[in-house]
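Here are the chains, one letter per residue:
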Amino acid sequence: MSDTIVTSTTGLATPTTAMPTPGHPAAAKRAIPGTGTANLPMTKALNAGLRQAMRDNPRVLMMGEDIGPLGGVFRVTEGLIAEFGDKRVLDTPLAESGIIGTAIGLALRGYRPVCEIQFDGFVFPGFDQITSQLARMRNRHEGEVSMPVVIRIPYGGHIGSIEHHQESPETYFAHTPGLRVVSPSNPHDAYWMLQEAIASDDPVIFFEPKSRYWPKGEVNLAESGTPLHASRVVRSGTDATVVGHGAMVSVLLQAADLAAAEGTSVEVIDLRSISPIDYGPILASVEKTGHLVVAQEAHGFVSVGSEIAATVMEKAFYLLEAPVLRVSGFDTPFPPAAVETHFLPSPDRVLEAVDRALSY
Amino acid sequence: MLSPEGVFAPSDSAAEFLPYLDRLTEADHRRFYRDMVVVRRFDTEAANLQRQGQLALWVPSHGQEAAQVGSAYATRPQDHVFPSYREHVVGMIRGLDPVDILRMLRGVTLGGWTPEDHGNFHLYTLVLASQTLHATGYAMGMQLDGATATGNPETDQAVIVYYGDGASSQGDANEALVFAASYQTPQVFFLQNNHWAISVPVTRQSRTPLYLRAAGFGMPGTQIDGNDVLASFAVTAKHLDDARAGHGPALIEALTYRVGAHTTADDPTKYRDPEQLAYWVARDPIVRFRSYLQGLGVEPEFLDAVDEEADDYAADVRRRALDIHSPEKAVIFDNVYAEPHPLIQEQKAWLDHYEASFEGGDA
């Protein structure tokens, strides 16, 4: 037993293959008011990150539905219109393609729009502008223009809501060349990753795990500690590695706790970046444990978990002592909330997969 | 303003636009004519290049020259132009080398030019109506920059976006009108109703004349004879200058006709009535404007010289089109992302290694 929860948010816990980006670490080292730490829920951390990005760069704009006086349906943009005015915080007409399409025009003009999509299932009216236009603009212009657009999407289940309000559509975006896709799992990462996404000259799809919006966590306001596109070991272990992103990370940590009580040491990796994927910590961990389980709320068929399983098999076949196993949402529509706990990967379902892997 | 016979006979509804014609000199008239003739000759040459296997596809503009030339000359240098994919002469008037258009249609690039270096003429957009939203967003940026509505038409900026009767049915075209009206963008929507979206007639797109839709969005809508280059100029000039003066967006529907095929992959004989074609050919914008110029006493030598210039122009385009070289394979990977991306870099290195592994391989 050598379970150690990695609580430090400064310094890399493991080697990473993630490349430095212009948004980092320069952005992370920028002087910001209120160095030190704060105990915030993710919504407030995101709000602070947006506020900081808008203060740092007058070209940063907010666009979305109900993001002005209401502050967004999750209050992530609360107070921004009061500080920055309605020229920089645009309550838009209710049209997602219109939001993304005009954001592209604003980016061509030199602005850095941050678009809020109200719920995961509402992004699809804007899907064409994201995949056929936003993702390809730089390529089509042979590198002569940049598309520093961030699209924030609250996603995932566990909130007992109605249809189209609990989806996990990240695979669609990860499959699209030209986009970057990230998802923080905790308030500290939310604060920093959002600022780094805004500083990036590439379009970034920023998935915010709704079920993690409200639990508080410590935010180190002085430095990020981890590049935007790096994955990170959040709990060390020796017997099996479990990988996930967003809300799944807290499920994995619960699973690791339960496993520890049964004498199994599970290493937990927070993926953080879905495109590109940083395989450095994953491969280093698999070298140690020989067992890998990938967990996700999204449908398993043709998924991020499938991609990781295939790549680890290609890169580290002889390190594996068992097949890479996936724990996913089923390949059905997200069900009525009354039965969502049967659909969503739970700590027990993760442990079932860990046990299966260890039994090979 | 011009009758089909080329007689200056403005209708009553044209009265408010007539003062804008005062901006035109005789040299401008000659330039209008020259550009219409040259682009038609260019258009024929490009279609020939496609038939000879030198282009993957060609998108003819035959018949729409007056709508495009008049509206393009109504723009000011500081304006931004968002085309669809058939506005070749608009690009030429804004300073684009048409060989750059051929580069895209020859399959050596997905774009072809840098808008800021070519009269703010943005890239062609092949997905219908996507560019209408980009144009609206760009116009919103002009407002945020304070680059419009200062009261100085010599510097105040505006946007013109081109789309068509087919694209008018797309959601994006309608969302662009909503956003433009909502934010009162400095913007003209220039809708070329050429009557056909490949094989689907405009009657399938709309039960109402398309310019009437503008009222539903809360902006002025004007229908013009799109084969009258003077009407196209004057009406666009008024709406663009109104937009740059802070009066918000407007929609112009230019009634014209796609005399040729949708593209070189199309066969309009399968779905079009020859009588409709004959009707519109009789209203040819170039013939009409030539009659007008002749009525003004323009010498035949000028008209002959323009024909000769058009032939030379087309020959030059052909020569340079055949000289377009394929890009290096690095173009596959370069510029997908602004910042380093490990997967793309890994795949680029792999392809280099793989191709170098063959004897005489190109590393």
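Residues numbered from 1 in each chain as written. Chains lettered and ligands numbered in written order. Predicted model: local features only at pLDDT ≥ 70, side-chain atom pairs only at ≥ 80, totals over all residues.

Student: Requested: an account of the overall build of chain A, with residues and values cited.
Tutor: In terms of helices and strands, chain A carries 13 helices and 15 strands. The C-alpha atoms of chain A give a radius of gyration of 20 Å, which matches the 21 Å a tight globule of 360 residues would have. Along the longest, intermediate and shortest principal axes, the C-alpha atoms of chain A span 60 × 45 × 40 Å. When each of the 360 residues of chain A is scored for burial, the buried share is 59%. Across chain A, every contact between residues at least 6 apart in sequence was considered, and the portion connecting residues at least 24 apart equals 81%. (Helix = DSSP H or I, 4+ residues; strand = E, 2+ residues; numbered from the N terminus. Rg over C-alpha atoms; globule rule 2.2 N^0.38 Å. Buried ≥ 20, exposed ≤ 12 C-beta atoms within 10 Å, placed from the backbone. Contact = placed C-beta atoms within 7 Å.)

Student: Let's hear about the overall build of chain B: which residues, and what values?
Tutor: Looking only at helices and strands, chain B features 13 helices and 7 strands. With respect to the principal axes defined by its C-alpha atoms, chain B has extents near 75 × 50 × 40 Å. Within chain B, buried positions represent 47% of all 363 residues. Within chain B, counting contacts between residues at least 6 apart in sequence, those at least 24 apart form 75% of the total.

Student: Could you give an account of the interface of chain A and chain B, naming the residues involved and the relevant values?
Tutor: Counting from both sides, the interface comprises 36 residues of chain A and, opposite them, 32 residues of chain B. Counting only elements with at least two residues in the side of chain A that touches chain B, the list comes to helix 4 (96–108), helix 5 (127–134) and helix 6 (137–140) of chain A. Here the side of chain A that touches chain B gets 9 residues from one element, more than from any other, and that element is helix 4 of chain A. Of the residues that constitute the side of chain A that touches chain B, the class distribution is 11 nonpolar, 16 polar and 9 charged. (Nonpolar A, V, L, I, M, F, W, Y, C, P; charged D, E, K, R; others polar.)

Student: I'd like a description of the packing of helix 2 (residues 42–56) of chain A against helix 8 (residues 187–199) of chain A, backed by residues and values.
Tutor: Residues and elements named next belong to chain A. One can describe the packing of helix 2 onto helix 8 by two numbers: an axis separation of 8 Å at closest approach and a directional angle of 30°. Relative to helix 8, the element helix 2 is oriented roughly parallel. In the crossing of helix 2 with helix 8, the sense of the turn from one axis to the other is right-handed. Together, Met42, Ala45, Leu46, Ala48, Gly49, Leu50, Gln52 and Ala53 of helix 2 and Pro187, Ala190, Tyr191, Leu194, Gln195 and Ile198 of helix 8 make up the contact between the two elements. (Axes fitted to C-alpha atoms, helices over the stretch in contact; angles between N-to-C directions. Parallel < 35°, antiparallel > 145°, perpendicular 65-115°, else oblique. Left-handed = near helix turned anticlockwise from the far one by under 90°.)

Student: Now, about the domain arrangement of chain A: what can you tell me, with residues and values included?
Tutor: Residues and elements named next belong to chain A. Parsing chain A into structural domains produces domain 1 (30–220) and domain 2 (232–358). Taken over C-alpha atoms, the centre of domain 1 sits 26 Å from the centre of domain 2. Between domain 1 and domain 2, the residue contacts involve 23 residues of the former and 20 residues of the latter. Put simply, the parts of the chain that give the side of domain 1 that touches domain 2 at least two residues each are helix 7 (170–174), strand 7 (180–182) and strand 8 (204–209). Per-class residue counts for the side of domain 1 that touches domain 2 are 7 nonpolar, 11 polar and 5 charged. (Domains from an automatic or database assignment.)

Student: Quick one: what's the story with the pairing of strand 7 (residues 250–255) of chain B, residue by residue and with numbers?
Tutor: Consecutive side chains of a regular strand alternate in pointing toward one face of the sheet and then the other. All names here are of chain B. The element strand 7 is largely enclosed, with a buried count of 6 among its 6 residues. Where burial is concerned, the two faces of strand 7 agree: the one with Ala250, Ile252 and Ala254 and the one with Leu251, Glu253 and Leu255 are both buried. Examined bridge by bridge, strand 3 (residues 187–193) and strand 7 share 6 bridges and lie parallel to one another. Along strand 7, the bridge assignment pairs leucine 191 with glutamate 253. Pairing geometry for strand 6 (residues 221–225) and strand 7, over 5 bridges, is parallel. When the bridges of strand 7 are listed, glutamine 223 appears paired with glutamate 253. Traced from strand 6 through helix 9 (residues 229–247) to strand 7, the parallel crossover comes out right-handed. (Pairing = 2+ DSSP bridges. Right-handed = clockwise from strand over helix to strand, strands pointing away.)

Student: Explain the sheet that holds strand 8 of chain A to me, and be specific about the residues and the numbers.
Tutor: Residues and elements named next belong to chain A. Strand order in this open sheet of 7 strands is 4-3-5-6-8-7-13, and the pairing throughout is mixed. Each having just a single partner strand, strand 4 (89–91) and strand 13 (273–275) make up the two edges of the open sheet. Direction aside, the axes of adjacent strands within the sheet are offset by 20° on average. In terms of strand pairing, strand 7 meets strand 8 through 3 bridges, oriented parallel. Residue pairing across strands places valine 181 opposite isoleucine 205, the latter belonging to strand 8. In the packing of helix 8 onto the sheet, the strands contacted are strand 3 (60–64), strand 5 (112–116), strand 6 (150–155), strand 7 and strand 8, and the crossing angle to strand 8 comes to about 165°.

Student: Which residues make up helix 4 (residues 98–105) of chain B, and what values go with them?
Tutor: Residue and element names in this part refer to chain B. Judged by how many residues are buried, helix 4 sits mostly within the fold: 7 of 8 residues are covered. Every buried residue of helix 4 is accounted for by Pro98, Val99, Ile101, Leu102, Arg103, Met104 and Leu105. Those residues of helix 4 that are buried lie in contact with helix 1 (26–51), helix 3 (88–93) and helix 12 (300–322). At the exit of helix 4 stands glycine 107, carrying a positive phi of roughly 85°.

Student: Got a sec to walk through the domain arrangement of chain B? Specific residues and values, please.
Tutor: In terms of domain boundaries, chain B breaks down into domain 1 (12–322) and domain 2 (328–363). With centres defined by C-alpha atoms, the gap from domain 1 of chain B to domain 2 of chain B works out at 39 Å.

Student: An account of the pairing of strand 6 of chain B is needed here, citing residue identities and associated values.
Tutor: A large share of strand 6 of chain B lies buried, amounting to 5 of its 5 residues. Residues Gly221(B), Gln223(B) and Asp225(B) line one face of strand 6 of chain B and the alternating positions Thr222(B) and Ile224(B) line the opposite face, and both faces are buried.

Student: Account for the sheet that holds strand 1 (residues 80–82) of chain B, naming residues and giving values.
Tutor: All names here are of chain B. Ordered by their spatial adjacency, 5 strands build an open sheet running 1-2-3-7-6, and the pairing between neighbours is parallel. Strands with a single pairing partner mark the edges of an open sheet, and in this sheet they are strand 1 and strand 6. Strand-to-strand twist of the sheet, defined as the mean angle between neighbouring strand axes without regard to direction, takes the value 20°. Pairing geometry for strand 2 (residues 159–164) and strand 3, over 6 bridges, is parallel. Bridge assignment links tyrosine 162 to a residue of strand 3, and that residue is phenylalanine 190.

Student: So, helix 2 (residues 65–74) of chain B: which residues are in play, and what are the values?
Tutor: In an α-helix, one turn spans 3.6 residues, which is why side chains three or four residues apart end up on the same side. Among the 10 residues of helix 2 of chain B, 10 are classified as buried, and the element is accordingly described as predominantly covered. Burial in helix 2 of chain B covers these residues: Glu65(B), Ala66(B), Ala67(B), Gln68(B), Val69(B), Gly70(B), Ser71(B), Ala72(B), Tyr73(B) and Ala74(B).

Student: Please provide a residue-by-residue account of the environment of Val81(B), values included.
Tutor: Residue and element names in this part refer to chain B. Positionally, valine 81 belongs in strand 1. Under the C-beta neighbour-count criterion, valine 81 is labelled buried, with 25 such atoms within 10 Å. Excluding its chain neighbours within four sequence positions, the residues that come into contact with valine 81 are Thr75, Val90, Arg94, Asn120, Phe121, His122 and Ile160.

Student: Provide a residue-level description of the environment of Ala254(B), including the pertinent values.
Tutor: Residues and elements named next belong to chain B. Structurally, alanine 254 can be placed in strand 7. A tally of 30 C-beta atoms within 10 Å means that alanine 254 is categorised as buried. For alanine 254 and glycine 164, which are 90 residues apart along the polypeptide, the C-alpha to C-alpha distance reads 9.2 Å.

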